[in-house]
Structures are given as C-alpha cells and as structure tokens.
Amino acid sequence: MALEHAILVSLEERPGTGYELARRFGKSIGFFWAATHQQIYRTLKRMVGLGWVTGEEIAQDGRPDKRLYRVADAGRVEVARWLAEAGEPTTLRHELSVKVRGASLGDVAAVTAEVARHRDVHAQRLDAFLAIERRDFPDPTALAGQRLHQYLVLRGGVRAERALVEWCDEVLAAMREDDRR
C-alpha cells in the first residue's frame, strides 16, 4: 500500500487540511500506516498533481490561510482500483524477534530489557485501542458500512497488540527461567 491510498481513505472519511491529516495519522490511521508531517504534505502535493485530490484555500482571520483537501473523482477511481487489486499477505518482519534469536550472541540482559520495553509499549497501545473501542464503538452489533469497517480494523489492532503483549510475556518468562539455570 502506498501512503496515497491511506490518505485517500482518510479524506473519504472526512476532508481535511494537511495538519488535520497529520493529526489523524497520529491518533488513528497512523496506528496502522505511519507517516510524518513532511511525507503527508509532499504526498498531498503529488496527489493534487495527479488529480486525485483538490485543495481549496480557506481564509482565516489573523492566521495564514489553510488548504482543505477533498478526494476528487479521479481519486475515487484510484481507491476503487486499489481496493479491487490483489495484495501480498503481510510478512512478519520484526526486529525484536531477530534480537531474541541472537540474544546468546551478546548481552542477554540488554535483550531482555528491550523485550520488556516493547511489552510496555504494546500494552499501552492495547489500552489505547480498548479505550477507543469503548468510546467510539459502544455497541458493535449496531455498526454497518464505514463505521463497521473502522471497528474491524481497530479489532485487528486490539488482537495484534494483545498477541504481542502475550508473546513478550512468554519471552520474558522463558529468558528469566533460562537465566536461573
């Protein structure tokens, strides 16, 4: 997936400025597809050139004008094309896994500490996802369309983070047991 597709999906949900898109990436879609402010602005400029989005200047009193981006017809065609395209299944590529595998080649205590740090980050992210779920989707059985799709992606994030926390717990327990031997 290209950043363009993540931006098109986000703008179809709600038009926004580059700043607003960057905030959305920091709070929701960014959990699943990360991008910096600079990447978002560069990509928006390219997307305007492709005719996928339009940018409307909006005057503001006492502040610089802002540009509100919306998906154009050509952008909708691109999203539809991309959605229909077969994609490659995700490959697990996880630096921490390689560090755990090679732990005996270096400082095992440092790798153990790194696993604990990752575990804490995943636990925090899991808590954030569960809070979003409670706040935004109190009755999942009533969801349909776009809201259902947003919920399903969030549930994928909950499951992935829960699995990573459990795996880190398993690794920590095994490495601590190994250290006692």
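Residues numbered from 1 in each chain as written. Predicted model: local features only at pLDDT ≥ 70, side-chain atom pairs only at ≥ 80, totals over all residues. Heavy atoms only, no water.

Going by the annotation in an unreviewed UniProt entry, the name recorded for the protein chain is Transcriptional regulator, PadR family, with Saccharothrix espanaensis given as the source organism.

**Q** Lay out the pattern of salt bridges in plain terms, naming residues and giving numbers.
**A** In total, this model carries 12 salt bridges according to the counting rule given. One salt bridge in this structure joins Glu-78 and Arg-81, with 2.6 Å as the shortest N-O distance. Of this pair, Glu-78 and Arg-81 both sit in helix α4 (residues 73–84), three residues apart, which is roughly one turn of that helix. Measuring nitrogen to oxygen at the nearest pair gives 3.3 Å for the salt bridge that ties Glu-161 to Arg-125. Of this pair, Glu-161 sits in helix α7 (residues 145–180) while Arg-125 sits in helix α6 (residues 108–136), and the two are 36 residues apart along the sequence. The network of salt bridges with common partners includes Glu-12, Asp-73 and Arg-76. (Salt bridge = Lys/Arg side-chain N within 4 Å of Asp/Glu carboxyl O. Helix = DSSP H or I, 4+ residues; strand = E, 2+ residues; numbered from the N terminus.)

**Q** Provide a residue-level description of the layout of surface pockets, including the pertinent values.
**A** In this model, the largest pocket occupies a volume close to 1,100 Å³. Along the wall of the largest pocket there are 30 residues; nearest its centre are Val-9, Glu-13, Ser-28, Ile-29 and Gln-150. Mapped onto the lining of the largest pocket, the elements with two or more residues apiece are α1 (3–13), α2 (18–27), α4, α6 and α7. In terms of residue count, α1 provides more of the lining of the largest pocket than any other element does, seven residues in total. Residues of the lining of the largest pocket, tallied by class, amount to 16 nonpolar, six polar and eight charged. (1 Å grid on protein atoms, 1.4 Å probe; cavity = no way out; pocket = protein on both sides within 12 Å on 5 of 7 lines; lining within 4 Å. Points joined across faces, edges and corners; volume = space filled by probe spheres on them. Nonpolar A, V, L, I, M, F, W, Y, C, P; charged D, E, K, R; others polar.)

**Q** Which residues make up the domain arrangement of the protein chain, and what values do they have?
**A** Taken domain by domain, the protein chain consists of domain 1 (2–84) and domain 2 (95–179). Using C-alpha coordinates to define each centre, domain 1 is positioned 29 Å away from domain 2. With both chains or domains summed, domain 1 and domain 2 bury close to 470 Å², and 73% of this area falls on carbon and sulfur atoms. Considering only the side of domain 1, the residues that lose the most area to domain 2 are Glu-13, Phe-31 and Phe-32, jointly responsible for 94% of the buried surface there. (Domains from an automatic or database assignment. Buried area = accessible area lost by both parts, 1.4 Å probe.)

**Q** So what's going on with the packing of α1 against α4? Residues and values would help.
**A** Two numbers describe how α1 lies on α4: the axes approach to 10 Å, and their chain directions differ by 120°. Crossing of α1 over α4 shows left-handed handedness. Residues His-5, Leu-8, Val-9 and Glu-12 of α1 touch α4, and the partners they reach there are Gly-75, Arg-76, Glu-78, Val-79, Arg-81 and Trp-82. Counted by class, the contact of α1 with α4 contains four nonpolar, two polar and four charged residues. (Axes fitted to C-alpha atoms, helices over the stretch in contact; angles between N-to-C directions. Left-handed = near helix turned anticlockwise from the far one by under 90°. Contact = heavy atoms within 4.5 Å.)

**Q** Any chance you could break down the environment of Val-121 for me, citing the residues and the numbers?
**A** Mapping Val-121 onto the fold places it in helix α6. By relative accessible area, Val-121 is classed as partly exposed at 33%. Val-121 sits 99 residues away from Ala-22 along the chain, and the two C-alpha atoms are 21 Å apart. (Buried < 20%, exposed > 50% of the residue type's maximum accessible area, 1.4 Å probe, protein only.)

**Q** Just give me the short version of the environment of Ser-104, but keep the residues and values in it.
**A** With respect to the secondary-structure elements, Ser-104 resides in the loop between α5 (95–101) and α6. In sequence terms Ser-104 and Glu-57 are 47 residues apart; their C-alpha atoms lie 58 Å from each other.

**Q** Any chance you could break down the nonpolar core for me, citing the residues and the numbers?
**A** Core analysis: the largest hydrophobic core is formed by 17 residues, its most contacted members being Ile-7, Leu-8, Leu-11, Phe-25, Ile-40 and Leu-44. When contributions to this core are tallied by element, the ones reaching two or more residues are α1, α2, α3 (37–50) and β2 (63–71). Considering every element that reaches this core, the biggest residue donor is α1, with five residues. (Core = buried A, V, L, I, M, F, W, Y, C linked by side-chain atoms within 4.5 Å.)

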